[in-house]
Amino acid sequence: DAKTTQPNSMESNEEEPVHLPCNHSTISGTDYIHWYRQLPSQGPEYVIHGLTSNVNNRMASLAIAEDRKSSTLILHRATLRDAAVYYCILRSNNAGNMLTFGGGTRLMVKP
Amino acid sequence: DTGVSQNPRHKITKRGQNVTFRCDPISEHNRLYWYRQTLGQGPEFLTYFQNEAQLEKSRLLSDRFSAERPKGSFSTLEIQRTEQGDSAMYLCASSLHTGPNYYEQYFGPGTRLTVT
């Protein structure tokens, strides 16, 4: 599986935008970029995914570099409830939908 | 609540004992996944089912581990002769897979296993 690299932790102020980076220089053409997050004492939850184009949904935006070797998850206005570990995951379309998680980025939100 | 449920939420067992966990997926979800998560790490894939068929098993799933989904609904994960290294959070997820597109996985709260 292609690997991703994320900062171990990031800090943000409440109500400010947050940009969570992810590097995936060995991404292949059929790999989708997924983001899940895990709130304290809960299972992971889906945030967003994309292939080549930028994506928006009610939770976040995903900006994908033109060469697809990096991507950024954007939370437009961080709230205290967004404090979580954010996982950037590459998923091959042939991988049976299983997810290979890395270490993720722990986002801390300050009031 | 119609989310994924897992029982028990916590299990403490002595080394060498067998344990069984249960996962009830979201109704009508045809895919069910098991992951294991140790402290400070991301979840690791163990196995998944499509309906009652077990389609893939990770190399992490040793012979002491067995998973079933007999009627394509709930699933059980059994660990025989538990070892201290089995201590972890065991997560279950489900998804509705009906075509080539990606369908997000919904995770349960997990079962935390402590082997003493």
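Preceding block: the structure.
The numbering scheme is per chain: residues are counted from 1 as the chain's sequence reads. Naming scheme: in the order in which they are written, chains are lettered from A and ligands are numbered from 1. This being a predicted model, a pLDDT of at least 70 is required before a residue's local features are given, and a value of 80 or more before pairs of side-chain atoms are given or counted; all residues contribute to the totals for chains, interfaces and linings. The side-chain figures draw on all heavy atoms in the structure; neither hydrogens nor water molecules are used.

Re the pairing of strand β6 (residues 53–57) of chain B
Sheet faces and side chains relate simply in a regular strand, where the side chains alternate between the two faces. Filter applied, for reference: Here, any two strands with at least 2 DSSP bridges between them count as paired. Runs of H or I in DSSP of at least four residues are treated as helices and runs of E of at least two as strands, each being numbered from the N terminus.
Sheet topology places strand β5 (residues 44–50) of chain B next to β6(B); four bridges connect them, and they run antiparallel. Directly across from F49(B), in β6(B), lies its bridge partner Q54(B).

Here we look at the sheet that holds strand β1 (residues 9–13) of chain A
Residue and element names in this part refer to chain A. Rules: Lines are fitted to the C-alpha atoms to define the axes, a helix being fitted only along its stretch in contact, and any angle between axes, read from their N-to-C directions, falls within 0 to 180 degrees.
Across the sheet, five strands lie side by side as β1-β9-β8-β3-β4; this open sheet has mixed pairing. Here the strands that pair on one side only, and so sit at the sheet edges, are β1 and β4 (45–50). The sheet shows a mean angle of 25 degrees between the axes of neighbouring strands, taken without regard to direction. Sheet topology places strand β8 (residues 84–92) next to strand β9 (residues 105–110); three bridges connect them, and they run antiparallel.

Some thoughts on the pattern of salt bridges
Close approach of charged atoms lets side chains of opposite charge pair. Residues and elements named next belong to chain A. This is how it is decided: Here a salt bridge means any side-chain nitrogen of Lys or Arg lying within 4 Å of a carboxyl oxygen belonging to Asp or Glu. Throughout this description, buried means an accessible area under 20% of the type-specific maximum (1.4 Å probe, protein chains only), exposed means over 50%, and partly exposed covers the range between.
Applying the stated criterion to the full structure yields seven salt bridges over all chains. We note a salt bridge from D82 to R37, for which the minimum N-O separation is 2.8 Å. Of this pair, D82 sits in the loop between β7 (70–75) and β8 while R37 sits in strand β3 (residues 31–38), and the two are 45 residues apart along the sequence. Accessibility classification places D82 together with R37 in one group, the buried group. When salt bridges that share partners are traced, they join R37, E45 and D82 into one network.

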